[in-house]
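Architecture and fold: a report
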Amino acid sequence: MKLSERASDLPESGIRKFFELAEGRDDVISLGVGEPDFSAPWAVRTAAIDSLERGRTSYTSNRGMAELREGITDHHHRYDQVYDPETECLVTTGASEAVDLAFRALVDPGDTVAVHEPTYVSYGPGVDLAGGERLAVPTRAEDEFKLTRDALEAAGAEDADLLVLCYPNNPTGATMDDEALAEVAAFCRENDLRVVADEIYAALTYGDDHASIANQPGMRERTVVVNGFSKAYAMTGLRLGYALGPESAIDAMNRIHQYTMLSAPTTAQHAAVEGLRSCDDEVASMVDEYNRRRRFVVSRFEEMGLDCFEPKGAFYAFPDCGRDDEAFAEALLEEQGVAVVPGSVFGPSGEGHLRVSYATSMRELKQATDRIEAFLEGE
């Protein structure tokens, strides 16, 4: 079977490689998975079951159930964002579909898409599949992996057509405040860059509230905001996300969505309506637990002598292992049965670091960090 060049050239996920290395071993503690270890709240699960028992298994509107779109736009008032649920909101099959739709709706073949690194592994291949040209914008540990105007200028991003932002960041846990975003927003306005802002971890911040570039002056009309229910509501398997943005962008994304997905999963949409309506307390409880784990993991790395800036969002720490990160991760898995993801998987800026997820139980985190300490002492 002859394959397309794009499919043939598409790399396998570096994250998946380490999952596969750990498969078949029952002694492995995985700190590599980017998935909540909680189940979705009871009210969410009950709403999903109820929708099935009532036979609500038909397609919904392409854009998503009106009740859900209204709930999403109401939810975003907490971020000081106002969107029209009829024309500026699209419900998708996970946030990943929303990102893919945004790329295909906004990128023409040959367009340059600036992607800050280290960052989530799917953006680069998504740009490739849309026919765009990637432009890597390195960020630095010294800046706590924030994107800066200096970094954009140094990378030549003034010639780009689109900027991809991921804050709170996967894999680093970095966040951006309004002051930092103001610099990036000014650069985008001056150079006419549009933005896809993946804010799937918006609810998972520790200390300061989430800040969105769409709230910066002149940015709402040039930004597509992506979010979803996987992380905050622990609904990863239900595959439900959404996009908010200017009517023209959402309309274009919906036209592509019509031909690829038609509509997001109906059961998940009913569950999400209830999640938005009644599960704020459960989400807050999960965030509190992540915060407890975050403080523990960072303090343990400090005790071991692994340099690790304090992550302010998501559920990842990004310590500097001081050496070849892939070799370190492979040896740690082989010798101590702890799975982490090499930072270089997320771009050259991540070299020498490890992505460590603390979306696992405190008991396992204690065991895993003890094993990492033993590994370091045994070298």
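Worth saying up front: this structure is predicted, and the values here are computed from it rather than measured. Residue positions are given per chain, counted from 1 along the sequence in the order it is written. In keeping with the model being predicted, local features are shown solely for residues with a pLDDT of at least 70 and side-chain atom pairs are shown and tallied solely at 80 or more, while totals for entire chains, interfaces and linings include all residues. Side-chain metrics rest on all non-hydrogen atoms present in the structure, leaving aside hydrogens and water.

**What about the overall build of the protein chain?**
We count it as follows: Helix and strand definitions here come from DSSP, where helices need a minimum of 4 consecutive H or I residues and strands a minimum of 2 consecutive E residues; each element is numbered from the N-terminal end. The rule is simple: take the accessible area with a 1.4 Å probe, protein chains only, and divide by the maximum for that residue type; under 20% is buried, over 50% is exposed, in between is partly exposed. Two residues form a contact once any of their heavy atoms are found within 4.5 Å. Note on areas: Shrake-Rupley, 1.4 Å probe, and residue coverage restricted to the protein chains presented here.
Scanning the protein chain for helices and strands turns up 13 helices and 12 strands. C-alpha atoms of the protein chain, sized along the principal axes, occupy 60 × 55 × 50 Å. For the protein chain, with 379 residues in total, the buried portion stands at 57%. Within the protein chain, contacts between residues separated by at least 24 positions form 76% of all contacts whose residues are at least 6 apart in sequence. Put simply, the protein chain shows about 16,100 Å² of open surface, and 45% of that area lies on carbon and sulfur atoms.

**Description of the packing of helix α4 (residues 66–75) against helix α10 (residues 266–278)**
Using the following cut-off: Helix axes are fitted to C-alpha atoms over the stretch in contact, other axes to C-alpha atoms as well, and angles between N-to-C directions run from 0 to 180 degrees. By the definition used in this description, the sense in which the near helix is turned from the far one sets the handedness, with an anticlockwise turn below a right angle giving left-handed and a clockwise turn giving right-handed. Polar here means any residue other than Ala, Val, Leu, Ile, Met, Phe, Trp, Tyr, Cys and Pro, which are nonpolar, and Asp, Glu, Lys and Arg, which are charged; Gly is therefore polar.
Across the interface, α4 lies against α10 with an axial gap of 9 Å and an inter-helix angle of 35 degrees. Pair α4 / α10 crosses with left-handed handedness. Contact residues: E67, L68, G71, I72 and H75 in α4; Q269, A272, V273, L276 and R277 in α10. Per-class residue counts for the contact of α4 with α10 are five nonpolar, three polar and two charged.

**Things to note about the nonpolar core**
We count it as follows: Definition of nonpolar core: a set of buried residues of the types Ala, Val, Leu, Ile, Met, Phe, Trp, Tyr and Cys, connected through side-chain atoms within 4.5 Å.
Counting residues in hydrophobic clusters, the biggest one holds 88 residues, and the most contacted among them are L31, L68, I72, F103, F229, F301 and I372. For this core, the element with the most residues is helix α11 (residues 280–304), which contributes nine residues. Beyond its immediate chain neighbours, meaning those up to four positions away, L68 contacts V91, F229, L240, Q269, A272, V273 and L276. L152, L163, A180 and L193 belong to the second largest nonpolar core, which has 28 residues in total.

**A word on the sheet that holds strand β5 (residues 162–166)**
Cut-off, in case you're wondering: A pair of strands counts as paired when DSSP detects no fewer than two bridges linking them.
Taken in spatial order, the seven strands make up an open sheet running β2-β8-β7-β6-β5-β3-β4, and their pairing is mixed. At either margin of the open sheet sits one strand with a lone partner, and together these are β2 (89–92) and β4 (133–138). Sheet twist, expressed as the average angle between the axes of neighbouring strands with direction ignored, equals 20 degrees. In the packing of helix α5 (residues 94–106) onto the sheet, contacts are made with β2, β5, β6 (194–198), β7 (223–228) and β8 (241–244), and the angle to β7 comes to roughly 160 degrees.

**Some words on the pairing of strand β3 (residues 112–117)**
This is how the line gets drawn: The crossover handedness rule: strands pointing away from the viewer, path from first strand over the helix to second strand clockwise, crossover right-handed.
Among the six residues in β3, five count as buried, and that is most of the element. Pairing geometry for β3 and β4, over six bridges, is parallel. Within β4, the residue paired with V113 across the bridge is R134. Between the parallel pair β3 and β4, the chain is carried across by helix α6 (residues 123–129), and the sense of this crossover is right-handed. Here β3 runs beside β5; their pairing, made up of three bridges, is parallel. Following the sheet pairing, A114 is matched in β5 by L163.

**Concerning the layout of surface pockets**
We count it as follows: Of the grid points, spaced at 1 Å and generated over the protein atoms alone, those admitting a 1.4 Å probe that cannot get out make up cavities, while open sets with protein on both sides within 12 Å along at least five of seven lines make up pockets; any residue with an atom within 4 Å of a point is treated as lining. Grid points are joined across faces, edges and corners, and a volume is the space filled by probe spheres set on the points.
Here the largest pocket is characterised by a volume of approximately 1,000 Å³. Those elements that place two or more of their residues in the lining of the largest pocket are α2 (14–22), α5, β3, α6 and β4. Classifying every residue of the lining of the largest pocket gives 22 nonpolar, 12 polar and 10 charged. Roughly 520 Å³ of volume is contained in the second largest pocket. Taken together, 29 residues make up the lining of the second largest pocket; nearest its centre are R78, Y79, A202, A203 and H210. Elements that contribute at least two residues to the lining of the second largest pocket include exactly β7 and α11. Among the elements that line the lining of the second largest pocket, the one with the most residues is α11, at four residues. Of the residues assigned to the lining of the second largest pocket, the class counts are 14 nonpolar, eight polar and seven charged.

**Topic: the sheet that holds strand β9 (residues 316–317)**
An order of β9-β12-β11 is seen for the three strands of this open sheet, with the pairing classed as antiparallel. Of all strands in the sheet, those bounded by a partner on one side alone are β9 and β11 (341–342). Pairing analysis gives two bridges linking β9 to strand β12 (residues 354–357), with the strands arranged antiparallel. Bridging from a neighbouring strand, Y316 pairs with S357 of β12.

**Describing empty space enclosed by the protein**
Counted by the stated rule, this structure contains one cavity of 30 Å³ or more. Empty space within the largest cavity amounts to approximately 60 Å³. L165, C166, Y167, M176, L181, A197, D198, E199, A211, S212 and I213 are the residues that line the largest cavity. Mapped onto the lining of the largest cavity, the elements with two or more residues apiece are β5 and β6. Looking at side-chain class alone, the lining of the largest cavity contains eight nonpolar, one polar and two charged residues.

Don't take any of this as a statement about function, it's just geometry.
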